[in-house]
Amino acid sequence: MTSSSPTAPASSAPANPRSRVITASLIGTTIEFYDFYAYATAAVLVFPVLFFPTGNDTTSLLLSFSVFGAAMVARPLGAIVFGHFGDRFGRKATLVASLLTMGVATFLIGCLPTFNEIGVWAAILLLIMRLAQGFALGGEWSGAALVATENAPKGKRAWYGTFPQLGAPIGFIIANGIFLIINFALPHPDGTAQRSAEFLAWGWRVPFLFSAVMVIVGLWVRLKLVESESFAKAEKTGMIKKFPLGEAIRRNWKQLILGTFIMLATYVLFYLMTSFTLSYGTKPTEAGAAAAAEKAGTPFDPATYVPGLGFGYTDFVIMQIIGVVFFGIFTMLSGPVADRLGRKRLLIGVTIAIIVFGLTFSFFLTPQTDAGFTRVLVQAFLIIGFLLMGTTFGPMGAVLPELFPTNVRYTGSAISYNVSSILGAALAPIVAVALWAAGDGNPWLVGVYLSAMGVLTLIAVVLSPETKDVDYDENIAAGAIAP
């Protein structure tokens, strides 16, 4: 059953200027990923201490990551809700709503009382805000990708699709840059590599409160958008469905499954390179933890301690930011390559590289006798990992939307992207911490986990169709593409 609303012919639909398309798709995802990274950073540095004080560092970190992962569970629900309205009533209003939801939730996290003030309710309120963040991000990415790709010139869809993807590295740099500035600006009695008492008391709140400013800018840009010609054509021809989710499941279930697993290795790599490496890199070595315990006069049990690399927070985040620069560069480079070679050939190559990269964790991340050599290896690891991240993440802005026709494109791409977030992003930090502990501090099992997820993605990519030459203007009705 269909519903349509009066509309002008597709040919008369007002076009979005190139600058508006690029800005609207980029700024929204930058803000969304900024909000997400702000939480990810706090999940490592602040929340285990202020919201989950269990007395055991590993347990507190696991609880913090569990709430972090809970947002991924909310993302498919957000994909269904925002996808429904995006496919029925248009992309513009849906994108504005998702941005507002994310911004309000992030701002409120900066206002939350801690465990010492209201007990377990602090963790519950944090969980609620985190679920709201996940719900909003469930609708944000797909809408931004559609704004970019549905307005792209012929032959440049993958390149335009990299602009919403570029919001991930930019958001990371802004979020972590603000955390670094705040951390440096506050007094550090124990040295700048350590978190200060003021940072734990109030400094961590500033990045969350600052998101309100960014949201206002994002809304101003997105409110100027007009609907794409492909959506206008779907309205004109009466192909808009009252229940896009049902249509997508009935006619495009294969694409939903393939899209989910195509994204899997990307998600696992993404969160291992951001959340897990920050945890592993900043946790003291066994010798460092023993020395700190001796200085504090507290007992230390090496049999139960899971060591890390012992970098200071500021040092390691700067190393991550250097890696993220390569993330951004290769995100942009991947678009023209995918437009020229095809999405499938590029993804097969980079997925194989990710599988091999997973088998190198022990080589790059094992502490060396020479601290300087350890730093060189870890920096090389971060550069290679983020380079691969950009190369696999960049084409996804085009690949997932191209799997689906116009009238279920928002719903289909959003569900694939966000169901994959449960299998990849939600589980990756928790699985990684557990495997890290199982390896007695050696992360080789974490790398094997990444390689295994890469194999699943490789199978999905091989089974998927090449979507480079899909015509958005003709591919309007559900079921038009079958792998």
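Before any of the text, the structure's been laid out above.
Given the structure is predicted, the values throughout are model-derived calculations rather than measurements.

Novice: Would you mind going over the overall build of the protein with me for this structure?
Specialist: Looking only at helices and strands, the protein features 21 helices and zero strands. Of all 483 residues assigned to the protein, the portion counted as buried reaches 58%. Taking the intrachain contacts of the protein between residues at least 6 apart in sequence as the baseline, contacts between residues at least 24 apart amount to 85%.

Novice: Just checking my understanding: could you explain the pattern of salt bridges for this structure?
Specialist: Note that side chains of opposite charge can pair when their charged atoms are close. Following the criterion strictly, the structure yields eight salt bridges and no others. For the salt bridge of Glu247 with Arg251, the shortest nitrogen-to-oxygen distance reads 3.6 Å. Remark: Arg251 and Glu247 occur in helix H11 (residues 244-262); sequence separation between them is four residues, near one turn of the helix. The exposure class of Glu247 is buried, given its relative accessible area of 10%. By relative accessible area, Arg251 is classed as partly exposed at 37%. Each of Arg157, Asp339, Arg343 and Glu402 takes part in one network of salt bridges that share partners.

Novice: Looking at this structure, how should I read the nonpolar core?
Specialist: Considering soluble globular proteins, one finds that nonpolar side chains tend to be buried as a cluster. Grouped together as the largest cluster of nonpolar side chains are 125 residues, with contacts concentrated most on Phe47 and Trp204. In terms of residues, this core owes the most to one element, helix H1 (residues 18-45), which gives 15 residues. If we ignore the near neighbours within four places in the chain, the residues touching Trp204 are Val46, Phe47, Leu50, Phe51, Ile109, Phe179 and Phe199.

Novice: I'm lost on a nonpolar patch on the surface in this one. Help?
Specialist: A surface patch of nonpolar side chains, about 600 Å² in accessible area, is lined by Phe115, Ile118, Val120, Trp121, Ile124, Leu125 and Ile128. Among the elements that take part in the nonpolar patch, helix H6 (residues 120-150) stands out by supplying five residues, more than any other. Examined against the element boundaries, Ile118 turns out to sit in helix H5 (residues 115-118).

Novice: Looking at this structure, how should I read the packing of H1 against helix H12 (residues 264-282)?
Specialist: Helix-helix packing is characterised by the crossing angle of the two axes and by the distance between the axes. One can describe the packing of H1 onto H12 by two numbers: an axis separation of 10 Å at closest approach and a directional angle of 30°. Judged on the interaxial angle alone, H12 and H1 are roughly parallel. The handedness of the crossing between H1 and H12 is right-handed. Every residue of H12 that contacts H1 at Phe33, Phe36, Tyr37, Ala40, Thr41 and Val44 is listed here: Phe270, Tyr271, Thr274, Ser275, Leu278, Ser279 and Thr282. Tallied by class, the residues present in the contact of H1 with H12 amount to eight nonpolar, five polar and no charged.

Novice: Would you take a moment to explain helix H20 (residues 428-438) for this structure?
Specialist: Since the α-helix packs 3.6 residues into each turn, any two residues three or four apart lie on the same face. Turning to H20, its buried residues number three or more, namely Ala428, Pro429, Ala432, Val433 and Trp436. Considered in projection along H20, the buried side chains sweep an arc of 130° and stay on one side of the axis. On the buried face of H20, the contacting elements are helix H3 (57-89), H12, helix H19 (409-426) and helix H21 (444-463). Positive backbone phi, approximately 55°, marks Asp440, located one or two places after H20.

Novice: What should I look at first to understand the packing of aromatic side chains in this one?
Specialist: Two numbers describe a pair of aromatic rings. These are the distance of the centres and the angle of the planes. Counting across every chain of the model gives 29 aromatic pairs. Centre to centre, the rings of Phe47 and Trp204 are 5.6 Å apart; their planes meet at 85°, and the pair counts as edge-to-face. Here Trp204 lies in the loop between helix H8 (197-203) and helix H9 (205-222) and Phe47 lies in helix H2 (residues 47-50), a separation of 157 residues in the sequence. The buried category is assigned to Phe47, whose relative accessible area is 0%.

Novice: Got a minute to help me understand the side chain of Thr94 in this structure?
Specialist: Take Thr94: it is sitting in helix H4 (residues 91-109). Excluding its chain neighbours within four sequence positions, the residues that come into contact with Thr94 are Phe82, Phe85, Gly86 and Tyr410.

Novice: How do you make sense of the environment of Val81 when you look at a structure like this?
Specialist: Along the polypeptide, Val81 turns up in helix H3. A relative accessible area of 28% means that Val81 is categorised as partly exposed. When the C-alpha positions of Val81 and Leu245 are compared, they lie 9.3 Å apart, and in sequence the two are 164 residues distant.

Novice: Just checking my understanding: could you explain the packing of H1 against H9 for this structure?
Specialist: The contact between H1 and H9 brings their axes to 9 Å, and the two run at 165°. The angle between H1 and H9 places the two elements in the roughly antiparallel class. Crossing handedness for the pair H1 and H9: left-handed. Residue-level contacts link Thr23, Ala24, Ile27, Gly28, Thr29, Ile31, Tyr34, Asp35, Ala38, Tyr39 and Ala42 of H1 to Pro207, Phe208, Phe210, Ser211, Met214, Val215, Val217, Gly218, Val221 and Arg222 of H9. Of the residues belonging to the contact of H1 with H9, the class tally is 14 nonpolar, five polar and two charged.

Novice: Before we go on, may I ask you to explain unusual backbone geometry in this structure?
Specialist: Leaving glycine aside, a negative phi is the common case for residues, and trans is the common case for peptide bonds. We note that Asp440 has phi near 55°; this positive angle belongs to a residue other than glycine. On the basis of relative accessibility, which here comes to 65%, the residue Asp440 falls in the exposed class.

Novice: Is there a simple way to think about the environment of Gly424 in this case?
Specialist: Within the fold, Gly424 resides in helix H19. Spatially, the C-alpha atom of Gly424 lies 9.1 Å from that of Met72, the residues being 352 residues apart in sequence. Each residue touching Gly424, except ones within four places of it in the same chain, is listed here: Leu264, Tyr267, Val268 and Tyr449.

Novice: How should I be thinking about the side chain of Ser334 in this particular structure?
Specialist: Tracing the backbone through its elements, the reader meets Ser334 in helix H14 (residues 313-341). With relative accessibility at 2%, the residue Ser334 sits in the buried group. Once you skip the residues sitting within four places of it in the chain, Ser334 turns out to touch Thr162, Leu346, Gly390, Thr391, Gly394 and Pro395.

Parameters and conventions
- Residues numbered from 1 in each chain as written.
- Predicted model: local features only at pLDDT ≥ 70, side-chain atom pairs only at ≥ 80, totals over all residues.
- Heavy atoms only, no water.
- Helix = DSSP H or I, 4+ residues; strand = E, 2+ residues; numbered from the N terminus.
- Buried < 20%, exposed > 50% of the residue type's maximum accessible area, 1.4 Å probe, protein only.
- Contact = heavy atoms within 4.5 Å.
- Salt bridge = Lys/Arg side-chain N within 4 Å of Asp/Glu carboxyl O.
- Core = buried A, V, L, I, M, F, W, Y, C linked by side-chain atoms within 4.5 Å.
- Patch = residues over 30% accessible without salt bridge, like charges linked within 9 Å, V, L, I, M, F, W, Y side chains within 5 Å.
- Areas by Shrake-Rupley, 256 points an atom, 1.4 Å probe, with all protein chains shown as cover.
- Axes fitted to C-alpha atoms, helices over the stretch in contact; angles between N-to-C directions.
- Parallel < 35°, antiparallel > 145°, perpendicular 65-115°, else oblique.
- Left-handed = near helix turned anticlockwise from the far one by under 90°.
- Nonpolar A, V, L, I, M, F, W, Y, C, P; charged D, E, K, R; others polar.
- Arc of directions from axis to C-beta.
- Phe/Tyr/Trp six-rings, centres within 6.5 Å; stacked < 30°, edge-to-face > 60°.

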